[in-house]
Amino acid sequence: MTKHSATDSLIVALDVPTIEEARRLVAELDESVSFYKVGLELLFVGGLDLARDLRRAGKRVFLDMKLLDIGNTVERAVSNATELDVDFLTVHGHDLKTLKAAVAGRSDSRLKLLAVTVMTNLTAEDLTEQGSTATPAELVLRRAELAYKAGCDGVIASGQEAAGIRAVTGPDFLIVTPGIRLQGSTTDDQERVMTPDHAIWAGANHIVVGRPITQADDPKAAAQTFVHHIREALAKRGVGGTRPH
Ligand SMILES: O=c1ccn([C@@H]2O[C@H](COP(=O)(O)O)[C@@H](O)[C@H]2O)c(=O)[nH]1
């Protein structure tokens, strides 16, 4: 059972317009952040080079590519992604075929595959519009079960669904939660939000935070505030600042 610090539980989403800005932010955050998410905003302007450089600098990297395609394509894409030596990669968790293909592509590499369940900016009304009769919580749970069955390492879900997922998947399944906001702060375009404390209490392993840190007047102080909340929550969860996985 691996032990991580409260700092490692915070993943900062590098959602900024340019690589230069991302590099400046990483330098400014310095030792206060050890885990970064590189996603779609930086993909076409050098995001993969940045991911490689972050790994060389000893940072952990979550490549948030949300893959979705036919099985053959997903398997080969994931296989190529293993060369980047990143820690986490996302695949959409809509169906078992895609998930199994991703797991086959990962092979015996150290890459952890996370299935995106239901995006945190979606509401019950959005799902109805898509023709779904399930609530977000029901669909997240169903997709988490598929991801578990396929052999994925974990899921992306809002903190609101974390406890339900933990109950059906057990202690070793990773729950990574975006849509994190401090009490009383703006939610931007996020819908199923939670505070860092509640997400960790509910069983999340990592929280993903973007704008509350990247757009803060003092990003380093903002990151330290989130780490403080995680540390307190882990202590209350009874794991004294460390937690399984
Ligand atoms: O369901 C999902 C999946 C991924 N994300 C990503 O997390 C961050 C959240 O950024 P904030 O600025 O803290 O809202 C962003 O990179 C998303 O692409 C998500 O929000 N929800």
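Report follows, based on the coordinates. Just so it is clear, the structure is predicted and the values come from calculations on it, not from any experiment. (Residues numbered from 1 in each chain as written. Predicted model: local features only at pLDDT ≥ 70, side-chain atom pairs only at ≥ 80, totals over all residues. Heavy atoms only, no water.)

Time to look at the pattern of salt bridges. Throughout the structure, instances matching the rule amount to 17 salt bridges. In this structure, the salt-bridge partner of Arg 142 is Glu 145, at a minimum N-O distance of 3.7 Å. Here Arg 142 and its partner Glu 145 are both found in helix H8 (residues 136-150), three residues apart, which amounts to about one turn of the helix. Overall, the relative accessible area of 48% leaves Arg 142 in the partly exposed class. A relative accessible area of 34% places Glu 145 in the partly exposed class. Taken together, the salt bridges that share partners define one network made up of Asp 8, Arg 55, Arg 60, Asp 85, Asp 87 and Arg 110. (Salt bridge = Lys/Arg side-chain N within 4 Å of Asp/Glu carboxyl O. Helix = DSSP H or I, 4+ residues; strand = E, 2+ residues; numbered from the N terminus. Buried < 20%, exposed > 50% of the residue type's maximum accessible area, 1.4 Å probe, protein only.)

Think of an α-helix as turning once every 3.6 residues; residues three or four places apart then point the same way. Burial in helix H6 (residues 96-106) covers these residues: Thr 98, Leu 99, Ala 101, Ala 102, Val 103, Gly 105 and Arg 106. For H6, the elements touching its buried residues are strand S4 (60-67), helix H5 (71-81), strand S5 (88-92), strand S6 (112-116) and H8. A distance of 3.2 Å separates the backbone nitrogen of Lys 97 from a side-chain oxygen at the start of H6, and that oxygen is part of Asp 95. In the segment just after H6, Ser 107 is the residue with positive phi, at about 50 degrees. (Contact = heavy atoms within 4.5 Å. Polar contact = N/O pair within 3.5 Å; in protein donor to acceptor, adjacent residues only side chain to side chain.)

Empty space left among the atoms is revealed by rolling a probe the size of a water molecule over them. What the largest pocket holds in volume is close to 570 Å³. Along its surface, the largest pocket is lined by 29 residues, and Asp 15, Lys 37, Asp 64, Lys 66 and Gln 190 are the ones closest to its centre. Counting residues per element, the ones that place at least two in the lining of the largest pocket are helix H3 (40-43), S4 and strand S9 (206-209). Examining the composition of the lining of the largest pocket, we find that three residues originate from one element, S4, more than from any other. Broken down by class, the residue content of the lining of the largest pocket amounts to twelve nonpolar, nine polar and eight charged. (1 Å grid on protein atoms, 1.4 Å probe; cavity = no way out; pocket = protein on both sides within 12 Å on 5 of 7 lines; lining within 4 Å. Points joined across faces, edges and corners; volume = space filled by probe spheres on them. Nonpolar A, V, L, I, M, F, W, Y, C, P; charged D, E, K, R; others polar.)

Bringing the sheet that holds S4 into the picture now. Two pairing modes exist for strands in a sheet, parallel and antiparallel, and in both the strands are linked by backbone hydrogen bonds. One closed barrel accounts for eight strands, arranged S2-S3-S4-S5-S6-S7-S8-S9; its pairing is parallel. Pairs of neighbouring strands in the sheet enclose a mean axial angle of 25 degrees, with direction left out of account. Relative to S5, S4 runs parallel, the two being bridged by three bridges. Pairing of Leu 67 across the sheet is with Val 91, part of S5. Sitting on the sheet, helix H12 (residues 219-236) is in contact with strand S2 (10-13) and S9, with an inclination near 150 degrees to S2. (Pairing = 2+ DSSP bridges. Axes fitted to C-alpha atoms, helices over the stretch in contact; angles between N-to-C directions.)

Moving on, we come to the site of the ligand. Inspection of the region around the ligand gives 16 residues, with Asp 15, Thr 120, Gln 190, Gly 210 and Arg 211 positioned closest. Separating a nitrogen atom of the ligand from a side-chain N or O atom of Thr 120 is a distance of 2.7 Å. Calculation on the ligand without its partners gives an accessible area of 470 Å², and the protein chains cover 89% of this total. At a threshold of 2 Å from the grid points, most atoms of the ligand map onto the largest pocket. (Near = heavy atom within 4 Å. Areas by Shrake-Rupley, 256 points an atom, 1.4 Å probe, with all protein chains shown as cover. Sits in = over half its atoms within 2 Å of the grid points.)

Turning our eyes to something else, we now look at the packing of aromatic side chains. Aromatic rings in a pair are described by how distant their centres are and how their planes are angled relative to each other. Per the counting criterion, the structure on display carries three aromatic pairs. Residues Phe 62 and Phe 88 carry aromatic rings whose centres are separated by 6.0 Å and whose planes lie at 65 degrees to one another, so their mutual orientation is edge-to-face. One end of the pair, Phe 62, is in strand S4; the other, Phe 88, is in strand S5, and 26 residues separate them in sequence. Here Phe 62 and Phe 88 have matching classes, each one buried. Relative to Phe 173, the ring of Tyr 148 has its centre 5.3 Å away and its plane inclined at 85 degrees; by these criteria the two rings are edge-to-face. Of this pair, Tyr 148 sits in helix H8 while Phe 173 sits in the loop between helix H9 (162-169) and strand S8 (174-177); the two residues are 25 residues apart in sequence, bridging distant segments of the chain. (Phe/Tyr/Trp six-rings, centres within 6.5 Å; stacked < 30°, edge-to-face > 60°.)

Together, Asp 15, Glu 20, Glu 21 and Glu 41 make up a negatively charged patch on the protein surface. Following the sequence through the fold, Glu 21 ends up in helix H2 (residues 19-29). Residue Glu 21 is classed as partly exposed on the basis of its relative accessible area of 32%. (Patch = residues over 30% accessible without salt bridge, like charges linked within 9 Å, V, L, I, M, F, W, Y side chains within 5 Å. Lys, Arg positive; Asp, Glu negative; His and termini not counted. Charge placed at Lys NZ, Arg CZ, Asp CG, Glu CD.)

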